[in-house]
Amino acid sequence: MKKFILAFLLIPNLAFGVYCKPVTYLAEGQPAPCRGYLFTPEEEFLVRSQAIKYTELEKLTKTQDEMINLLDNRLDLSLRKIDGLEQQVTYIKSENTLEKIVYFCLGIAISIGLNKVIK
């Protein structure tokens with residue numbers, strides 16, 4: 001029984017493989033020996049060119065994705081640098097402010113001292 005089922009399944013596949021060739025030229029009105037798509041030479045050229053363009057577009061998309069990832073990494077690095085520089089600027093500004101206050105108070109003290117010495 002198993003051999004019968006196996007033979008039943010394999011015979012159509014073998015027959016399909018014998019009669020169907022990858023490229024079969026047909027005359028007008030002749031029935032096609034296999035299932036598939038029937039194209040005119042012009043349509044076949046268009047389908048082939050679209051398939052080639054599709055593979056090229058896949059490669060281009062992959063390259064663009066890599067470039068986008070690289071640019072994202074650069075952007076993240078630049079943003080981190082900017083944050084660091086902003087922190088440095090605020091630190092320098094606060095340091096300068098404290099320095100100015102100290103010099104201003106020192107100037108007042110010297111002025112008061114010179115005023116008392118001169119009088």
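Provided above is the structure to which this section pertains.
K.L.:
Could you clarify how one ought to interpret the overall build of the protein in this entry?
P.N.:
Counting its regular elements, the protein contains 2 helices and 0 strands. Put simply, the protein has 119 residues, and 2% of those count as buried. In the structure as shown, the protein presents an accessible area of about 11900 Å², 66% of it carried by carbon and sulfur atoms.

K.L.:
Would you explain a nonpolar patch on the surface in this entry?
P.N.:
On the surface, a cluster of nonpolar side chains totalling about 570 Å² of accessible area is made up of Tyr103, Leu106, Ile110, Leu114 and Ile118. By the secondary structure assignment, tyrosine 103 is in helix H2 (residues 41-118).

K.L.:
What's the story with the pattern of salt bridges in this structure? I'm lost.
P.N.:
Side-chain pairing between opposite charges can occur once the charged atoms of the two side chains come close. Evaluation of the coordinates by the stated rule reveals 1 salt bridge. The closest approach of N and O atoms between arginine 48 and glutamate 44, which form a salt bridge, is 2.0 Å. In this pair, arginine 48 and glutamate 44 both sit in helix H2, 4 residues apart, roughly one turn of the helix. Relative accessible area serves as the criterion here: at 54%, arginine 48 is assigned to the exposed category.

About the cut-offs
Residues numbered from 1 in each chain as written. Predicted model: local features only at pLDDT ≥ 70, side-chain atom pairs only at ≥ 80, totals over all residues. Heavy atoms only, no water. Helix = DSSP H or I, 4+ residues; strand = E, 2+ residues; numbered from the N terminus. Buried < 20%, exposed > 50% of the residue type's maximum accessible area, 1.4 Å probe, protein only. Areas by Shrake-Rupley, 256 points an atom, 1.4 Å probe, with all protein chains shown as cover. Patch = residues over 30% accessible without salt bridge, like charges linked within 9 Å, V, L, I, M, F, W, Y side chains within 5 Å. Salt bridge = Lys/Arg side-chain N within 4 Å of Asp/Glu carboxyl O.

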